Amino acid sequence: MNELEWIYDQRKDIYDLTLTTTAALDDGYTIDVPVIRGIGADRRFDLYKESEGDTVFVFSVEFFFKDGQDRYSHGHPYDIDDALGYMDRFLSGTSFFDK
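Residues numbered from 1 in each chain as written. Predicted model: local features only at pLDDT ≥ 70, side-chain atom pairs only at ≥ 80, totals over all residues. Heavy atoms only, no water.

Engineer: Outline the overall build of the protein chain, supporting the account with residue identities and numerical values.
Structural biologist: On a plain count of helices and strands, the protein chain comes out with three helices and five strands. Secondary structure of the protein chain in N-to-C order comes out as α-β-α-β-β-β-β-α. Expected size for 99 residues packed as a compact globule is a radius of gyration near 13 Å; at 13 Å, the protein chain falls within 12% of this value. Along the longest, intermediate and shortest principal axes, the C-alpha atoms of the protein chain span 40 × 25 × 25 Å. (Helix = DSSP H or I, 4+ residues; strand = E, 2+ residues; numbered from the N terminus. Rg over C-alpha atoms; globule rule 2.2 N^0.38 Å.)

Engineer: Which residues make up the sheet that holds strand β3 (residues 43-48), and what values do they have?
Structural biologist: The sheet built from five strands is open, its strands ordered β1-β2-β3-β4-β5 with antiparallel pairing. With partners counted over all chains shown, the strands left at the sheet margins are β1 (16-21) and β5 (71-75), one partner each. The mean angle between the axes of side-by-side strands here comes to 20 degrees, regardless of whether they run parallel or antiparallel. Direction of pairing for β3 relative to strand β4 (residues 58-63): antiparallel, over a ladder of six bridges. Looking across to β4, one finds that Arg 43 is bridged to Phe 63. Where helix α1 (residues 3-11) meets the sheet, it contacts β1, β2 (34-39) and β3, and its direction lies at approximately 160 degrees from that of β1. Seen against the sheet, helix α3 (residues 80-92) touches β1, β2, β3, β4 and β5 and runs at an angle of roughly 175 degrees to β3. (Pairing = 2+ DSSP bridges. Axes fitted to C-alpha atoms, helices over the stretch in contact; angles between N-to-C directions. Contact = heavy atoms within 4.5 Å.)

Here it is in structure tokens:
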């Protein structure tokens, strides 16, 4: 089991998560790697590594606003525990992205 599969298994029963690939998302990615997509009320995130040898994750976020002015940002969790923390804080609305 790889890191993303393990992370997905830890939170799949708590959040609306999908484990897929960036190519399957067909969302403008130029790489094809495994990704976890999580969806909240007014937000979503993608968690992935840009290549298999990377030591840090990419946590890419998008906020959806009623006025159509979506906002994007990203961070770099350093390990599995950090990635789980990013996910928990983001989907609960208590992350540094919410400032």
